[in-house]
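# Fold and geometry: a report
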Amino acid sequence: MPETEAERFWDARAREHALFFVDNRLDYRSPDLESFWAGGAEALDGMLSAVGAQIRGTDVVVDIGCGVGRLTRVLAARARRVIAVDVSAEMLARAAELNPGLAGVEWVHGDGRGLPGIGDGAVDACVSHVVFQHIPDPSITLGYVREIGRVLAPGGWAAFQVSTDPAIHRPRRASAAAAAARAPRITPIGSARPSPSATSSAPRRRWA
Ligand SMILES: C[S@@+](CC[C@H](N)C(=O)[O-])C[C@H]1O[C@@H](n2cnc3c(N)ncnc32)[C@H](O)[C@@H]1O
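Rules and cut-offs
Residues numbered from 1 in each chain as written. Predicted model: local features only at pLDDT ≥ 70, side-chain atom pairs only at ≥ 80, totals over all residues. Helix = DSSP H or I, 4+ residues; strand = E, 2+ residues; numbered from the N terminus. Buried ≥ 20, exposed ≤ 12 C-beta atoms within 10 Å, placed from the backbone. Contact = placed C-beta atoms within 7 Å. Expected span 1.5 Å × (residues − 1). Bend = angle between axes of the 7 residues up to and from the residue. pLDDT = per-residue confidence, 0-100. Core = buried A, V, L, I, M, F, W, Y, C linked by C-beta atoms within 7 Å. Arc of directions from axis to C-beta. Axes fitted to C-alpha atoms, helices over the stretch in contact; angles between N-to-C directions. Parallel < 35°, antiparallel > 145°, perpendicular 65-115°, else oblique. Nonpolar A, V, L, I, M, F, W, Y, C, P; charged D, E, K, R; others polar. Pairing = 2+ DSSP bridges. Right-handed = clockwise from strand over helix to strand, strands pointing away.

Across its full length, the protein chain holds six helices and six strands. Order of helices (α) and strands (β) in the protein chain, N terminus to C terminus: α-α-β-α-β-α-β-β-α-β-α-β. Each of the 208 residues in the protein chain was classed as buried or not, and the buried ones make up 36%. Across the protein chain, the fraction of contacts at a sequence separation of at least 24, relative to all contacts at a separation of at least 6, is 71%.

Following this line, the structure appears as structure tokens:
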């Protein structure tokens, strides 16, 4: 599978500081791991209550854009099986390392566009937390929505977010050029903290 721009982008972030780029509320230099992992349960429960859904012990659930498995580990404790998909092999490598021995979890390197290894009507639920807001091309997000409809069994449900911020949907190249044009000309020496890039985990959200 040829490496996509999305994969390069997220692989680089995973190599730099995977946890921070999954949740940039963390302190970059001294991340509070307890609150990071607790955030997975909070995020999942927030999504479930927003859509009025529950995970049953018999469910097969897809976690789209699983990152380092923050929600995956919570899903694994509640569902029968979790298919955790991500476009970034580097994120998935860290997910497997940080969540050793999770029963019923399959880490899947996706193509960044769909759920090709999953059969029609094969799953009970799909969740995706702070992922689609990072996809600059809305047609890719729409493709995922189509795929969600394909893989869900009758009576299945999905919970995901889309952003209401139009800036997110500008092509990444154009955004980078615009950001460069806006950027101050002097860069502080010795600052390891990355600029707040398109990876914010908490823009305005809309639930589906
Ligand atoms: C901000 S992180 C969120 C991770 C996880 N959902 C969580 O809340 O902890 C976004 C994740 O989405 C993945 N991602 C970005 N674009 C994707 C795409 N087109 N298809 C699948 N995963 C994607 C990234 O690699 C990254 O792991």
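A few words on helix α1 (residues 5-22). Here α1 spans only 18 Å end to end across 18 residues, well under the 26 Å set by a 1.5 Å rise per residue. In the structure, α1 departs most strongly from a straight axis at Glu16, where the bend amounts to approximately 105°. The set of residues buried in α1 consists of Ala6, Glu7, Trp10, Arg13, Ala14, Ala18, Leu19, Phe20, Phe21 and Val22. Of the surrounding elements, those touching the buried residues of α1 are α2 (33-51) and α4 (89-98).

Per-residue confidence for the protein chain gives a mean pLDDT of 85; residues scoring 70 or more make up 79%. Below a pLDDT of 50 lies the segment residues 174-208, which in the model reaches 35 contacts outside its immediate sequence neighbourhood of four places, other chains included.

Quick look at the environment of Ser128 now. Topologically, Ser128 is positioned in strand β4 (residues 123-128). Taking the C-beta count within 10 Å as the criterion, Ser128 has 25 such neighbours and is therefore assigned buried. Ser128 sits 81 residues away from Met47 along the chain, and the two C-alpha atoms are 9.3 Å apart.

Take the nonpolar core next. Ranked by internal contacts, the top residues of the largest apolar core, which has 48 residues, are Val62, Cys126 and Val127. In terms of residues, this core owes the most to one element, α1, which gives eight residues. Not counting the four nearest positions on each side in its chain, Val62 is found in contact with Ile83, Val85, Leu115, Ile118, Val123, Cys126 and Val151.

Let's shift gears to unusual backbone geometry. In this structure, Val130 takes a positive phi of about 45° despite not being glycine. Relative to the helices and strands, Val130 is located in the loop between β4 and α5 (138-151). Of the residues examined, Val130 has 23 C-beta atoms within 10 Å and is grouped as buried.

Of all the positions in α4, only Met91, Leu92 and Ala95 are classed as buried. Across the axial projection of α4, the buried residues extend over an arc of 95°, all falling on one side.

Relative orientation of the contacting elements α1 and α4 amounts to 40°, with a least axis distance of 7 Å. Classified by the angle their axes make, α1 and α4 are oblique. Contacts between α1 and α4 involve Trp10, Asp11, Ala14, Arg15 and Ala18 from the former and Ala89, Glu90, Met91 and Arg94 from the latter. Its residues assigned to classes, the contact of α1 with α4 comprises five nonpolar, no polar and four charged.

On to the pairing of strand β1 (residues 60-64). In terms of residue burial, β1 counts as a mostly covered element, since four of its five residues are buried. Pairing geometry for β1 and strand β2 (residues 81-86), over five bridges, is parallel. Among the inter-strand pairings, Val62 is bridged to a residue of β2, identified as Ile83. Running through helix α3 (residues 72-78), the crossover from β1 to the neighbouring parallel element β2 is right-handed. Relative to β4, β1 is paired through three bridges, and the arrangement is parallel.

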